[in-house]
Each structure stands twice: as structure tokens, then as C-alpha cells.
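Residue-level listing of the chains:
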Amino acid sequence: MDDVQGIVVENSRVVTGYYLITIRLVKSFGKVLPGQFVMLRIPRNTVFLRRPFSIYNYKTRLLSIMYKVVGIGTEALSTLHRDEKVYVLGPLGRGFKKSARRKAILIAGGIGIAGLHLLAKELRQRAVIYFGCESKKEVALLYDLREEMNIYVSTMDGTYGYKGTVVDLLKNRLETIPYNKMEIYACGPEPMLKALKNIIGDIRISCQILVEERMACGLGLCFGCVKKTMDEKEPYKRLCTEGPVFDIWEISL
Amino acid sequence: MYRRTGFRHMGNLSIKLLGKDIKNPVMNASGTLGYGKEITRLWNIETLGVYVTKGLSIKPHHGNPPPRVWEEKQGMINSIGLQNVGIECFFSEYFPFFKKKKTPVIVNFFGFTEEEYVACARMIEPHPLIIALEMNLSCPNIKKGGISFGKEAGGVYDIVRKVKAVTEIPVIAKLTPEVKDIVEIARAAYEGGADGFTLINTMPVLALDREKRLPVFRGGFSGPALKPIALKAVYSVYKEVPVPIIGAGGIIDYKDAIDFFTAGATAIQVGTATFIDPYSIPKIIQGIKDHMKEYRISTIEDITGCAHE
Ligand SMILES: Cc1cc2nc3c(=O)[nH]c(=O)nc-3n(C[C@H](O)[C@H](O)[C@H](O)COP(=O)(O)OP(=O)(O)OC[C@H]3O[C@@H](n4cnc5c(N)ncnc54)[C@H](O)[C@@H]3O)c2cc1C
Ligand SMILES: Cc1cc2nc3c(=O)[nH]c(=O)nc-3n(C[C@H](O)[C@H](O)[C@H](O)COP(=O)(O)O)c2cc1C
Ligand code: FES
């Protein structure tokens, strides 16, 4: 783990509002675990703090991040061009814990797929993906996973796959799933995680979620990134050091 | 003008602070370097002149619900709400690490009543590595409707005097910039017995939601835009009280640090800069050293307050 300089190799649009940036690091990060993230310093003077992004892919000093433009920082990020220098602090946080045998269900809502991509690449045939998004255009976010994996898609407007939320899609199929031999990994907006928690309430299935919160340092220094937990003794835990992956029953959603 | 001395001893970073020899004048600002261990993934804790603890209280404190941080141009707003493990846990779980590393510590503390401040000071046993207690006087006083302790001279005098009465450890008063006249507050703290000052804490501010046209976030502002405010506080208080001042607020690089020394600071604290570049502290220490060599300055003391001549 270190703060490493990188050079932008490519920063291209996946579909309107979503980008994939690839950065060549001057020094290796060392081992990267699926679910870990980086704090990216965006070299624009409109952006003060670093921004957290999941590691979408990492191989021989080539780091990529898939991101959605939602505000000042991600907007500025989308203007970076080839050969620009950035600083990347990482890899940070605890990643997903993988069990050797069990099959996996990966549940992603929209850009949440970015947090699960590396895991999907590692699990491959051992995993199925449930992907939910607004409309057909976001299906492009599945990118290289489309050819490689078994994927169920839902869209809110019904323009692709099941019409409705991804959790409803999963709920309809839940009976067909042998959950004692399965585990769930999820990343997406909080309402999605909440709905997921509700439908798996009665069944004992292992479920890890990757959650988000605003951050300042990413290193456990500021206590700015806490999530509310179910533990009365420790009601706030730092997402950047104790997370960003948590057991779904650990967090108050 | 800088006082110039012989070439041989240039760039000696060590300072004397409250009777103790400290190897360099750079500390972290309270609440911006976790409990100390977190940063050691990047650099050694011994790098610091002094480690300043997160604000501690008599009992563990859970802090505010998220979101706790907000971005502004040239700085950030935080509303951590003083989450901490409490004094007892700090000394059993975290202090041994500083003992092992022989790193001096300033213990930042706060209370929500006068009695809590006094109780904190009582709880902390003297130790050769404890340089001082740093009283966070920006904390809201629940008995006085949430107005911070540090805003009124009479109250500051009282609380500092009461804390001084129960501890042998030197006491540093950390002041809020949200006052009419910081010199008056500093004088009151000095008369109450303060052995030094940290200037300044964050500035209370507000952010609005442009669409809803309503407040979205309130908290303390820190970062580069705070620097000129902090610098003026150090400059104004330096002439009025004969005790050391630690400068804090918006220090990003060694140049900012030099400004604070020349304004009258004996040492400085770096906070928000660490979030932008986690190597800020080691870089500032090296930068000060290089600057001293270049300008043939033998010790920090030689330039402390020289902007007043
Ligand atoms: C561990 C982690 C991994 C992440 N991975 C990715 C990723 O792979 N791809 C991606 O596109 N985004 C990811 N995010 C979210 C990303 O950090 C935010 O979208 C980004 O910081 C927004 O910055 P901005 O300046 O564009 O938005 P701002 O102008 O700061 O805010 C715009 C909106 O974004 C929300 N927001 C701001 N910061 C965050 C944050 N840290 N987390 C969640 N919402 C936020 C605000 O509430 C606001 O509604 C991740 C966040 C975390 C904590
Ligand atoms: C996240 C955060 C937490 C802080 N916590 C404390 C605290 O517990 N006690 C305190 O006296 N000051 C606290 N401060 C204030 C800093 O110590 C410092 O006075 C202020 O941030 C100005 O310095 P800077 O601009 O270098 O950050 C905190 C500041 C930040 C940004
Ligand atoms: S972002 Fe600072 S503690 Fe997590």
C-alpha cells in the first residue's frame, strides 16, 4: 500500500455518464483483493479532497476504475486526458472474504458493478450475476462480463430483461437457489441493499456488502467515513479501514 | 529580517517546548492522524516532533451520524462530533505504542461541562513523554446552551484555572477563531494559568443545498483557506502573552510553516493537508530543514516572531 504516481493511459466513455479510466502506475501496488479501493487525487483545482473508487481491474501496474459522473469530482475526472499525472493511494480497505467451495451470487445495482468486477473475474463460472439498472443503456456497464458469465438483468423501465428491481428479480428465483451452498456479494445503492436484507431475512445465507460513504483520508485518520452498525457498543465504524466490505447483518441499513 | 549565524549549525530542527527537548517543530493537528498507528503503513510515527491525540473525553463518545465530511473550495468541513475511545482506553490500548516508539505526546481533551474538563485533567497521569494537555476550548458547553467554552474571556479564565489546579502537566489552550477578539481570550487563558496556546481550531461554517435552498451541512472548516486567519491569530497573540504558541490552520507545505514561525509560533500542527497528501508531514519537516540550510538559519528559535521587528 502506498501513494503512487500514475499516468492516464485511457479515459473513455462506456455509455453516457459512465467512464472507464486506465492508469499506469509507476510503482506496483502489490497484492490487490476484490472489493478494495483507491483514493484518487484528481488534478483539477476545483476538487479539494481525494475521491474513493473501487479497483475495477488491476494487473501488472495497470489500474482501472469504472465511474459514474455524479458531481464536481467525477465530472473533473471525466476531463482527464492521456498522459496526465494522477496520484493513487491504495489498495485500501478490507476486500471480500471468499470461501473456497461455495457458489456465489453477485448482486449489482448500476455502477455498483464496478465494485464487484474484480471478484466476478476471479470467481468466473462459480458465480452468477444479478444486475439491475434504470434502462437498457446501462447494460453496457457489464462490459467484458457479458461474454464470460451467467447474468440476469433487470431494468426499471423494462427495456431489457426483467422489469423491476434486481432484488425483486432475485426474490422470484430464490426458491431455485440452493442457499446452503451459496453466498451473496452485493454492491449498489442503499435502497437495494435494504431490500436485499429484507428478502434474505429468514434464510441463513452468507451475505457481504460493499458500502459507500463520503471520505476524506481513506486511511482511518479522520473518522469521517463511518457507517452506522448494529452494535450498540460500537455504533459507528470506519468504512475505509473496517470496510468497505461488511457482513450485511453488521450494518444498520 | 532573518538573523544569520555561522554556517556550521544550520538546519537544526530541535526545539525547546515547555521545558522539554523536541526533535522537530512539526506535529499533527488533533483528530487528523487517528490514534497514531494508522499512518505507520506509510511512515514512522517517530517522524513527528510530537503526536497530538484525537480529542479525548472522560468516557467513550460515539460522535455524529454520517455524513461527517463535506468538501469546499480550498478546504473541507467536518462534523465528526468528537468520536473517541475515552481517556482510559487511550492509555491502556494506544499509549504503550508511543512509549515503545519514544514519541512525545500532547493529549488533546474536551468535556461538555466544566466538571468534565476537570475530571479529564485529573485522569491523566504525568509521564515523561507527555509534553502537555491541550484543552479543546471549541467544544459546545451543554450547560450554557451549546455555546463553546472558548468564546467568553471570563469563562475561559475560570475553566483554565480549574484545570490547572488539578494537574502538574503543562496546559495548552486551543482556541476557536470564532471570537470577537482572540487576544482578549488568550490573555484570559494566560491569566488562568495556560502554559501555551494552539492557534487555531476549525472555523464554524455552513453549506447550503442549492436546489432546496436550505442548509445541508454544518461543521468546522479546515484547510488552506484557514491559513491567513490562523496566521493573524498567531501574530496578534504573540506580542501579548509570554508563552509558546503552536500554529495550526491550513498549513499545506513548509512555506506555510515558515510563515507561522516568523509570525511567532514555536511549533506547528498539520491537519487537513495529510488527507490530500499523506506524506505532507514528512515533506514539511524536510522542507523546513532545507529552507533553514538555504537561508543559514541555525534554529527555529532564531526566526520565531521575527516578522514583528
Ligand atoms: C469504497 C468506495 C468505492 C467506490 N467505488 C466507486 C466506483 O467504483 N465507481 C463510482 O463511480 N463511484 C464509486 N464510489 C462513489 C464515488 O466515490 C462518488 O461517486 C464520488 O466520490 C462522488 O464525487 P463527486 O465529486 O463527483 O460528487 P460530489 O459533488 O461530491 O457529490 C455528488 C453526489 O455524490 C454523493 N457522494 C459523494 N461522495 C460520495 C461517496 N464517497 N460515496 C457515495 N456517494 C458519494 C453525494 O452524496 C452527492 O449526492 C465509491 C465510494 C466508496 C466509498
Ligand atoms: C477531521 C478533523 C477532526 C478534528 N478533530 C479535532 C479534535 O478532536 N480536537 C481538536 O481540538 N481539534 C480537532 N480538529 C481541528 C484540527 O486539529 C485543526 O485545529 C484544524 O483542522 C485546522 O488545521 P488544518 O487546517 O491543518 O486542518 C479536527 C479537524 C479535522 C479536519
Ligand atoms: S476516510 Fe478518514 S477515517 Fe475513513
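Residues numbered from 1 in each chain as written. Chains lettered and ligands numbered in written order. Predicted model: local features only at pLDDT ≥ 70, side-chain atom pairs only at ≥ 80, totals over all residues. Heavy atoms only, no water.

### Observations concerning the sheet that holds strand 13 (residues 203-209) of chain B
All names here are of chain B.
- Taken in spatial order, the four strands of this open sheet run 5-6-14-13, and their pairing is antiparallel. Two strands lie at the open edges of the sheet, namely strand 5 (69-72) and strand 13, each paired on one side alone. Sheet twist, expressed as the average angle between the axes of neighbouring strands with direction ignored, equals 40°.
- Sheet topology note: the strand 6 (residues 75-78)/strand 14 (residues 214-222) ladder contains three bridges and is antiparallel. Counted as the bridge partner of I77 is F221 from strand 14. (Pairing = 2+ DSSP bridges. Helix = DSSP H or I, 4+ residues; strand = E, 2+ residues; numbered from the N terminus. Axes fitted to C-alpha atoms, helices over the stretch in contact; angles between N-to-C directions.)

### Observations regarding the packing of helix 6 (residues 254-263) of chain B against helix 8 (residues 280-294) of chain B
Residues and elements named next belong to chain B.
- At a minimum axis distance of 8 Å, the contact between helix 6 and helix 8 shows a crossing angle of 65°. The interaxial crossing formed by helix 6 with helix 8 has right-handed handedness. Together, Y254, A257, I258 and F261 of helix 6 and I284, G287, I288 and H291 of helix 8 make up the contact between the two elements.
- Of the residues assigned to the contact of helix 6 with helix 8, the class counts are six nonpolar, two polar and no charged. (Left-handed = near helix turned anticlockwise from the far one by under 90°. Contact = heavy atoms within 4.5 Å. Nonpolar A, V, L, I, M, F, W, Y, C, P; charged D, E, K, R; others polar.)

### Points about the interface of chain B and chain A
- Counting residues at the interface gives 34 residues for chain B and 30 residues for chain A.
- Counting each side, the surface lost to burial between chain B and chain A is near 2,700 Å², with a carbon and sulfur contribution of 63%.
- The tally of links between chain B and chain A comes to two salt bridges.
- Counting only elements with at least two residues in the side of chain B that touches chain A, the list comes to strand 5, strand 6 and helix 7 (273-276) of chain B.
- It is strand 5 of chain B that contributes the most residues to the side of chain B that touches chain A, four residues altogether.
- Partitioning the side of chain B that touches chain A into residue classes produces 16 nonpolar, eleven polar and seven charged. (Buried area = accessible area lost by both parts, 1.4 Å probe. Salt bridge = Lys/Arg side-chain N within 4 Å of Asp/Glu carboxyl O.)

### Details of the packing of aromatic side chains
Residue and element names in this part refer to chain B.
- Under the counting rule described, the total for this entry stands at 18 aromatic pairs over all chains.
- Geometrically, the ring pair formed by W70 and F217 is stacked, given 5.1 Å between the ring centres and 20° between the ring planes. Of this pair, W70 sits in strand 5 while F217 sits in strand 14, and the two are 147 residues apart along the sequence. Like F217, W70 is buried.
- Centre to centre, the rings of F110 and F112 are 5.5 Å apart; their planes meet at 75°, and the pair counts as edge-to-face. (Phe/Tyr/Trp six-rings, centres within 6.5 Å; stacked < 30°, edge-to-face > 60°. Buried < 20%, exposed > 50% of the residue type's maximum accessible area, 1.4 Å probe, protein only.)

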